[in-house]
Protein chains: 2
Amino acid sequence: MKVTIQDIAKAANVAKSTVSKVLNDSPKISRETKERVREIMRQMNYTPSSIATRLAKRSSRNIGLLIDMTHESEYMNPFFYNIMVGIESVIGPQTYELTIANVQPNDPERDIMNRLVRSGRIDGLITNNVILNDGMVDSLTELGFPFVSMGEYESRNVPWVDYDNEAGGAMLTGHLLAQGYADIAFVGGESGEKIYEKRHRGYAEAHRKASLPLRGERTVNGVADENHGYRSTLELLQSDRPPDAVVCMNNYVAFGALKAAEQLGIPIPGRFGIATFDDFPFSPYTNPPLTSLFIHTFELGATAGRMLLERIDDPALPSSSLLLQPELIVRRSTERIEAGRE
Amino acid sequence: MKVTIQDIAKAANVAKSTVSKVLNDSPKISRETKERVREIMRQMNYTPSSIATRLAKRSSRNIGLLIDMTHESEYMNPFFYNIMVGIESVIGPQTYELTIANVQPNDPERDIMNRLVRSGRIDGLITNNVILNDGMVDSLTELGFPFVSMGEYESRNVPWVDYDNEAGGAMLTGHLLAQGYADIAFVGGESGEKIYEKRHRGYAEAHRKASLPLRGERTVNGVADENHGYRSTLELLQSDRPPDAVVCMNNYVAFGALKAAEQLGIPIPGRFGIATFDDFPFSPYTNPPLTSLFIHTFELGATAGRMLLERIDDPALPSSSLLLQPELIVRRSTERIEAGRE
DNA sequence: TTGTATGCGTTATCAC
DNA sequence: GTGATAACGCATACAA
């Protein structure tokens with residue numbers, strides 16, 4: 001069978017408590033004993049049972065990361081790897097492991113609570129604001145259990161990290177304005193959807209800052225996919241007074257917009273400019289390449305990890321929140337309209 | 001403090017072993033007792049400690065999934081989420097958890113072995129063939145520890161799942177031939193690279209099957225990125241006798257090829273056809289959309305999970321391997337060259 | 001059917 | 001410095 005602390009103790013002719021102390025490098029153990037015991041551990045190829053350690057130490061050394069498989073989350077999906085690596089990069093060095101858990105959509109609150117939290121399987125929880133709900137938050141806080149949300153969460157007092165969608169909207173819109181575009185549409189996103197609201201607020205803000213009126217018909221809500229981007233842009237461009245640029249909710253919408261302009265023979269850039277949220281999955285690879293808003297997804301994960309670790313160390317910490325800044329990547333789709341040329 | 005099995009026993013006026021049996025739904029406990037105890041557990045909001053359970057049962061109910069953060073694995077990256085969800089979809093229902101572990105590149109073998117395997121933190125391991133090495137394989141098999149490789153692994157007797165790269169190469173090439181293309185290049189991939197060799201073998205095989213000669217200069221090795229795709233295709237197309245189609249190692253290479261043809265004013269499809277491995281991240285979103293080879297990444301993960309679970313149930317199982325078939329997705333980039341039109 | 005005693009592999013609290 | 005011994009929370013053979 002497996003070699004245990006007992007076996008080492010016997011072989012080294014010491015008590016197992018001594019072995020344990022060697023394991024934890026206790027200062028009250030003599031140098032010689034330590035070396036002797038360690039040598040024996042090496043010889044016998046001993047590795048302490050992490051389960052037993054955890055039981056005794058009452059810590060699982062484990063962080064839970066919640067995902068929702070059913071959501072087919074096109075949004076999370078491509079970013080997930082980077083986020084996860086970001087988390088791991090900060091918790092790994094602290095010898096925490098990362099456990100992925102799938103939430104059951106039918107009974108999200110109770111199941112996760114029992115399976116992961118109450119059972120002591122994890123020491124802290126990272127989730128996102130679409131999985132999180134008030135019930136979970138209440139249970140978690142009642143238990144004093146450390147957790148962090150990726151994505152803003154307002155209805156309760158929870159710690160979260162997010163990147164600044166509002167600033168992002170302002171950056172994209174502001175960039176278009178600075179390039180000389182003057183009548184900018186916004187395509188994609190459902191009214192009421194948090195992330196859309198934020199982004200659109202930035203779009204509005206940029207208009208205000210430029211003392212430009214905000215025309216309601218310039219915003220076309222809908223699912224953020226290629227089809228919606230295509231149809232909406234087509235309609236906009238065929239209207240009496242077409243916009244000269246558009247801010248898109250994501251790459252797919254932008255691709256649809258691109259297609260619409262192309263179909264109508266409208267040159268990009270030139271008569272029409274396109275800027276989009278997300279640099280992923282293909283904004284550098286369209287024709288022309290798309291000006292986009294890059295999210296440091298790794299940083300998002302790393303920050304969530306750091307915040308969680310802080311809260312594990314001190315569960316009484318008041319909940320704070322953090323906004324990361326996105327980065328504007330300028331490409332050809334929003335190049336300056338040269339004067340006198342069209 | 002937390003409520004334990006002891007507290008329940010006391011409250012229910014039974015022995016804790018009885019509670020334990022209720023927990024495990026033992027048939028030797030009377031219906032009434034079960035219900036009474038369960039009611040009390042509910043009232044006291046009891047959840048068994050998974051750590052204690054695991055220690056007693058000597059099973060961690062945990063599967064390890066290895067990643068290599070440093071590899072910046074552009075390859076794994078986009079597929080990772082699907083693979084992970086695939087794994088989770090089969091191990092989750094069996095109440096296994098998924099633990100992500102980052103392998104340390106400097107000391108990959110020993111560290112993982114101790115930290116995860118010997119420590120009993122996981123019951124089984126899923127890794128891929130770039131992380132796996134003979135040393136790990138030997139240690140793992142010596143311990144009789146269940147593991148599965150995603151990606152073919154030949155130098156030892158290990159169980160693996162992979163998708164059929166060779167068949168994929170033959171499918172893409174065969175499709176081009178069937179469409180009427182007759183002189184097909186292959187761009188991207190380093191000689192010696194496993195996955196490249198497989199794919200190229202399929203390419204060669206399709207030629208053989210069509211009784212077509214295989215010209216060495218039609219294969220242009222190199223890193224599989226846009227730049228290489230662009231330069232290679234440019235050169236090919238500018239040669240005395242240009243090919244009329246190309247098979248690309250991935251979307252980035254294909255995008256470079258697209259750009260080269262476009263720059264030379266060569267219509268696609270028409271005078272030139274492009275087919276590429278991978279449907280991700282953007283083959284539907286180029287102009288024209290790319291004919292591509294779709295990998296069921298979810299299935300890959302799910303299969304790995306199933307294989308691993310089988311081996312956990314029966315560690316003596318002889319190691320088997322499995323090839324999944326990719327799927328050809330035909331798009332405009334390889335449309336038929338209409339006779340008399342160019 | 002239920003209870004008793006012991007084990008799972010550590011850590012922690014005391015003594016010595 | 002080192003060694004018994006009791007937790008840690010649950011499972012299980014064996015009694016009752």
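Residues numbered from 1 in each chain as written. Chains lettered and ligands numbered in written order. Predicted model: local features only at pLDDT ≥ 70, side-chain atom pairs only at ≥ 80, totals over all residues. Heavy atoms only, no water.

Chain A is annotated in an unreviewed UniProt entry as LacI family DNA-binding transcriptional regulator of Cohnella xylanilytica.

**Student:** Tell me what's going on with the UniProt feature "domain: HTH lacI-type" (unreviewed entry) in chain A, and back it up with residues and numbers.
**Tutor:** Those places that UniProt annotates as "domain: HTH lacI-type" (unreviewed entry) correspond, in this numbering, to residues 3-57 of chain A. End C-alpha atoms of residues 3-57 of chain A are separated by 20 Å, and the span's content is 67% helix alongside 0% strand. (UniProt positions renumbered as here; feature names shortened; annotations may be inferred. Helix = DSSP H or I, 4+ residues; strand = E, 2+ residues; numbered from the N terminus.)

**Student:** Go over the domain arrangement of chain A, please, and point to the residues and values.
**Tutor:** As assigned here, chain A comprises domain 1 (5-48), domain 2 (59-163 + 298-325) and domain 3 (165-295 + 328-341). For domain 1 of chain A versus domain 2 of chain A, the separation of C-alpha centres amounts to 37 Å. (Domains from an automatic or database assignment.)

**Student:** Tell me about the sheet that holds strand β1 (residues 62-67) of chain A, and please be specific about residues and values.
**Tutor:** Ordered by their spatial adjacency, twelve strands build an open sheet running β11(A)-β5(A)-β4(A)-β3(A)-β1(A)-β2(A)-β2(B)-β1(B)-β3(B)-β4(B)-β5(B)-β11(B), and the pairing between neighbours is mixed. Each having just a single partner strand, β11 (321-324) of chain A together with β11 (321-324) of chain B make up the two edges of the open sheet. Each strand axis lies, on average, 20° off the axis of its neighbour in the sheet, ignoring direction. Alignment of β1 of chain A against strand β3 (residues 124-128) of chain A, held across three bridges, turns out to be parallel. Paired with G64 of chain A across the strands is L125 of chain A, a residue of β3 of chain A. This element, helix α7 (residues 134-143) of chain A, spans β1, β3 and β4 (147-150) of chain A of the sheet and lies at about 155° to β4 of chain A. (Pairing = 2+ DSSP bridges. Axes fitted to C-alpha atoms, helices over the stretch in contact; angles between N-to-C directions. Contact = heavy atoms within 4.5 Å.)

**Student:** Describe the interface of chain A and chain B, with residues and values.
**Tutor:** Contact with chain A, which involves 47 residues of that partner, is made by 47 residues of chain B. Carbon and sulfur atoms supply 59% of the area buried between chain A and chain B, which totals about 4,500 Å² over both sides. The tally of links from chain A across to chain B stands at four salt bridges. For E97 of chain A, the salt bridge is made with R121 of chain B, and the minimal N-O distance between the two is 2.7 Å. At the boundary of chain A with chain B, the tally comes to 15 residue pairs in polar contact (both at pLDDT 80 or more). Taken together, the elements giving at least two residues each to the side of chain A that touches chain B come down to α4 (50-57), α5 (77-91), β2 (97-102), α6 (108-118) and α11 (251-263) of chain A. Counting residues per element, the side of chain A that touches chain B draws most heavily on α5 of chain A, which supplies nine residues. (Buried area = accessible area lost by both parts, 1.4 Å probe. Salt bridge = Lys/Arg side-chain N within 4 Å of Asp/Glu carboxyl O. Polar contact = N/O pair within 3.5 Å; in protein donor to acceptor, adjacent residues only side chain to side chain.)

**Student:** Pulling in residues and values, what's your account of the sheet that holds strand β8 (residues 245-248) of chain A?
**Tutor:** All names here are of chain A. Spatial strand order, β7-β6-β8-β9-β10-β12: six strands in an open sheet with mixed pairing. In this open sheet, the two edge strands, each paired with only one partner strand, are β7 (219-220) and β12 (327-329). As judged from the three bridges shared by strand β10 (residues 291-294) and β12, these two strands associate in the antiparallel manner. Its bridge partner being in β12, S292 is matched across the sheet by I329. The sheet strands contacting helix α9 (residues 194-209) are β6 (184-187), β7 and β9 (273-277), and the helix crosses β6 at an angle near 175°. Sitting on the sheet, helix α10 (residues 226-238) touches β6 and β7, and the angle it makes with β6 is about 150°.

**Student:** Before we move on, can you summarise the pairing of strand β4 (residues 147-150) of chain B with the specific residues and values?
**Tutor:** Residue and element names in this part refer to chain B. Residues of β4 alternate between two faces, with F147 and S149 on one and V148 and M150 on the opposite face, all of them buried. Relative to β4, strand β3 (residues 124-128) is paired through four bridges, and the arrangement is parallel. Pairing of T127 across the sheet is with S149, part of β4. Considered for its hand, the β-α-β crossover made up of β3, helix α7 (residues 134-143) and β4 is right-handed. Sheet topology note: the β4/strand β5 (residues 160-163) ladder contains two bridges and is parallel. (Buried < 20%, exposed > 50% of the residue type's maximum accessible area, 1.4 Å probe, protein only. Right-handed = clockwise from strand over helix to strand, strands pointing away.)

**Student:** Explain the protein's contact with DNA strand D to me, and be specific about the residues and the numbers.
**Tutor:** The environment of DNA strand D is made up of 28 residues, and the closest members are T18, K21 and T33 of chain A together with I5 and Y46 of chain B. What you see for DNA strand D is that sugar and phosphate hold 66% of its atoms within 4 Å of the protein. Take T18 of chain A: an N or O atom from its side chain is 2.5 Å from a phosphate oxygen of DNA strand D. Mapped by element, the contributors of at least two residues to the surface near DNA strand D are α2 (16-23) and α4 of chain A together with α2 (16-23) and α4 (50-57) of chain B. Looking at the surface near DNA strand D residue by residue, the class counts come to eleven nonpolar, eleven polar and six charged. (Near = heavy atom within 4 Å. Nonpolar A, V, L, I, M, F, W, Y, C, P; charged D, E, K, R; others polar.)

**Student:** So what about the pairing of strand β2 (residues 97-102) of chain B? Which residues, and what values?
**Tutor:** Along β2 of chain B, six of the six residues are buried, which leaves the element largely enclosed by surrounding structure. Bridge analysis of β2 of chain A against β2 of chain B gives three bridges, and the strand direction is antiparallel. Its bridge partner lying in β2 of chain B, L98 of chain A is registered against I100 of chain B. With six bridges joining them, strand β1 (residues 62-67) of chain B and β2 of chain B adopt parallel strand pairing. Pairing of L66 of chain B across the sheet is with A101 of chain B, part of β2 of chain B.

**Student:** Could you give an account of the nonpolar core, naming the residues involved and the relevant values?
**Tutor:** The biggest cluster of nonpolar side chains holds 60 residues, and the ones touching the most others in it are M84 of chain A together with M84 of chain B. The contact partners of M84 of chain B, leaving out residues within four places of it in the chain, are I67, F80 and I100 of chain A together with L65 and L98 of chain B. Grouped together as the second largest cluster of nonpolar side chains are 31 residues, L237, A245, F277 and L290 of chain A included. (Core = buried A, V, L, I, M, F, W, Y, C linked by side-chain atoms within 4.5 Å.)

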